[in-house]
Amino acid sequence: MSFLNSRKIAVIGGGSWATAIIKILCEQPNVQIRWWLRSKTDIEHIRKFHHNPSYLSDVYLSPKKVKVCDQMNDAIKGAEYVILAVPAAFVEESLHGLQHKHFKAKRVVSAIKGMIPGENALVTDWIADKFQVALADTCVIAGPCHAEEVALEKQSYLTIASTNGDTAKDFSGLMTCRFVTAKPLDDLYGVEYAAVMKNIVALACGITHGLGYGDNFQAVLVSNAMQEIGRFVTALDPREREMSSSAYLGDLLVTAYSQFSRNRLFGNMVGRGYSVKAAQLEMKMIAEGYYATKSICEMNKKYLVNLPVTNSVYRILYEDLSPVHVMEDLKKQLN
Ligand SMILES: NC(=O)C1=CN([C@@H]2O[C@H](COP(=O)(O)OP(=O)(O)OC[C@H]3O[C@@H](n4cnc5c(N)ncnc54)[C@H](OP(=O)(O)O)[C@@H]3O)[C@@H](O)[C@H]2O)C=CC1
Ligand SMILES: O=C(CO)COP(=O)(O)O
């Protein structure tokens, strides 16, 4: 396959998910990936040794398919798809200096399960607004999938959601390989909000686990939380959707129960008595649910949906209330 015929993809972000996505894409015979990451030392290391020293360092990154770039412009120039894989809180800073013209004739893929803090915007909405990209030229990568399991080539499923069926189908093809099955779906908002909210639930699961609650309680917490996510998503974007499918329930389950979940780990530290600041300092990785909790609670001032789990996490993380007391209170609201 010549360079001219290859699929050109830019990946923005140097963390575990960006590294895993590149591994998946490299399974395609005909891709050329340009990868922007902010760390100059990581860039140098990847150029020399073809592994990311900071995240998923076992993953081999073929130099035939992957070119690392320290300039954002070089990464996105000529790309058909631009995949955003930095935590939501750093999207604005990472894309600083880019304008509408840089996104012309490109489709933007959000691999992010978070909201732009301060603006309380979904990443696809924010991109559409800020860079005048048509919403139909955006899509999201969702579904229950931890980067660490991709690195181990454990069978995984992804959902590619877009309002544009052709984009969802085409990009699903690029994300399907020996160990990943990606399926298209047309519910962009529902999938994106569910992916944001499941992180908050995983924080709650971590907190209760850290406090000493067991599996019996967590099952009740997760099933109540699933109803909560359904209520919120329906209030914002009412339509028929199968909430028990893997893009919604599946992602909630893996994040709530997996040893690899950053959000669960963060919550667990808070439940065991770490302050929020100390837990953040302890973790190199980012727990999106921390930011999402604030965004969803602020948004909900308008929608007034009953969100007992999200409100409880907010009270612990942002009002500095005792996790013990907040969970005692939550217990009375579950069924
Ligand atoms: N990891 C996973 O399994 C999955 C993650 N996602 C989503 O992917 C997105 C990216 O997360 P993930 O790859 O896991 O992140 P990680 O927690 O693995 O890595 C953190 C990333 O954030 C960057 N970062 C940290 N602080 C800053 C800062 N102040 N300014 C700019 N960048 C900073 C790091 O860059 P540096 O190394 O230079 O510090 C690194 O790229 C999130 O929205 C997450 O929800 C979605 C599905 C699965
Ligand atoms: O979204 C994920 C798995 O589907 C990753 O969740 P964490 O960020 O909690 O690790």
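Predicted model only: the values in this text are computed from it and were never measured.

About the criteria used
Residues numbered from 1 in each chain as written. Chains lettered and ligands numbered in written order. Predicted model: local features only at pLDDT ≥ 70, side-chain atom pairs only at ≥ 80, totals over all residues. Heavy atoms only, no water. Helix = DSSP H or I, 4+ residues; strand = E, 2+ residues; numbered from the N terminus. UniProt positions renumbered as here; feature names shortened; annotations may be inferred. Buried < 20%, exposed > 50% of the residue type's maximum accessible area, 1.4 Å probe, protein only. Contact = heavy atoms within 4.5 Å. Salt bridge = Lys/Arg side-chain N within 4 Å of Asp/Glu carboxyl O. Near = heavy atom within 4 Å. Polar contact = N/O pair within 3.5 Å; in protein donor to acceptor, adjacent residues only side chain to side chain. Areas by Shrake-Rupley, 256 points an atom, 1.4 Å probe, with all protein chains shown as cover. Nonpolar A, V, L, I, M, F, W, Y, C, P; charged D, E, K, R; others polar. Phe/Tyr/Trp six-rings, centres within 6.5 Å; stacked < 30°, edge-to-face > 60°. Disulfide = S-S within 2.5 Å. Pairing = 2+ DSSP bridges. Axes fitted to C-alpha atoms, helices over the stretch in contact; angles between N-to-C directions.

## A closer look at the environment of histidine 209
Working step 1: Checked against the element boundaries, histidine 209 lands in helix α8 (residues 188-211).
Working step 2: Placed 62 residues apart in sequence, histidine 209 and glycine 271 show a C-alpha to C-alpha distance of 7.0 Å.

## Examining the UniProt feature "binding site: substrate" (unreviewed entry) in the protein
Working step 1: Within this numbering scheme, the UniProt entry marks Lys113, Arg262 and Asn263 as carrying the feature "binding site: substrate" (unreviewed entry). The annotated residues occupy 151 residues of the chain but converge on a single region, no pair of C-alpha atoms lying more than 12.1 Å apart.
Working step 2: By secondary structure assignment, the location of arginine 262 is in helix α11 (residues 262-271).
Working step 3: Overall, the relative accessible area of 16% leaves arginine 262 in the buried class.
Working step 4: The contacts of arginine 262, once residues within four sequence positions are left out, are Ser16, His146, Glu148, Met283, Met285, Ile286 and Ala287.

## Examining the pattern of salt bridges
Working step 1: Applying the stated rule across the entire model yields 19 salt bridges.
Working step 2: Note that arginine 7 is salt-bridged to glutamate 80, the shortest N-O span being 2.6 Å. Of this pair, arginine 7 sits in strand β1 (residues 7-12) while glutamate 80 sits in the loop between α3 (72-76) and β4 (81-84), and the two are 73 residues apart along the sequence.
Working step 3: When the shortest N-O distance is used, the salt bridge between aspartate 170 and arginine 107 registers 3.8 Å. Within this pair, whereas aspartate 170 is found in helix α7 (residues 165-174), its partner arginine 107 is found in strand β5 (residues 107-110), the two being separated by 63 residues in sequence.
Working step 4: One connected set of salt bridges, linked through shared partners, spans Asp186, Asp187, Asp237, Arg239 and Arg241.

## Some points on the site of ligand 1
Working step 1: Around ligand 1, 21 residues are found, and the nearest of them are Ser16, Arg38, Ala147, Arg262 and Glu288.
Working step 2: Within the side chain of tyrosine 55, an N or O atom sits 2.8 Å from an oxygen atom of ligand 1.
Working step 3: Contacts to ligand 1 include glutamate 93, whose side-chain N or O atom sits 3.3 Å from a nitrogen atom.
Working step 4: Protein chains bury 87% of the 890 Å² of accessible surface belonging to ligand 1 in isolation.
Working step 5: Here the residues of the shell around ligand 1 are counted per class, giving 12 nonpolar, 4 polar and 5 charged.

## Observations regarding the packing of aromatic side chains
Working step 1: Per the counting criterion, the structure on display carries 10 aromatic pairs.
Working step 2: Ring centres 6.1 Å apart and planes at 85° place the aromatic pair tryptophan 126 and phenylalanine 131 in the edge-to-face group.
Working step 3: Here the aromatic rings of tyrosine 314 and tyrosine 318 are separated by 5.1 Å at their centres, their planes lie at 20°, and the arrangement is stacked. Of this pair, tyrosine 314 and tyrosine 318 are both found in helix α14 (residues 308-318), 4 residues apart, which corresponds to roughly one turn of the helix.
Working step 4: Residue classification places tyrosine 314 among the partly exposed positions, given a relative accessible area of 22%.
Working step 5: A relative accessible area of 24% places tyrosine 318 in the partly exposed class.

## Observations concerning unusual backbone geometry
Working step 1: With a phi angle near 45°, leucine 56 is a residue other than glycine that sits in the positive phi range.
Working step 2: The residue leucine 56 is located in the loop between α2 (40-49) and β3 (66-69) in this model.
Working step 3: What makes leucine 56 buried here is its relative accessible area of 16%.
Working step 4: For aspartate 320, which is not a glycine, the phi torsion comes out positive at approximately 60°.
Working step 5: By the element assignment, aspartate 320 lies in the loop between α14 and α15 (323-331).

## Quick notes on the state of the cysteines
Working step 1: This model, assessed by the stated rule, comprises 0 disulfides.
Working step 2: Here cysteine 205 stays unpaired: no disulfide links it, and the sulfur of cysteine 297, its closest cysteine neighbor, is 16 Å away.
Working step 3: Exposure remark for cysteine 205: the relative accessible area of 0% places this residue in the buried category.

## Considerations on the UniProt feature "domain: Glycerol-3-phosphate dehydrogenase NAD-dependent C-terminal" (unreviewed entry) in the protein
Working step 1: Residues given the UniProt feature "domain: Glycerol-3-phosphate dehydrogenase NAD-dependent C-terminal" (unreviewed entry) here are residues 187-327.
Working step 2: Summarising residues 187-327: 76% helix, 0% strand, and an end-to-end C-alpha distance of 33 Å.

## A look at the sheet that holds β5
Working step 1: Across the sheet, which stays open at both edges, the 8 strands sit in the order β3-β2-β1-β4-β5-β8-β9-β10 with mixed pairing between neighbours. The open sheet has two edge strands with one neighbour each: β3 and β10 (180-185). If you compare each strand with its neighbour and ignore which way they point, the axes differ by 25° on average.
Working step 2: With 4 bridges connecting them, strand β2 (residues 31-36) and β3 associate as parallel partners.

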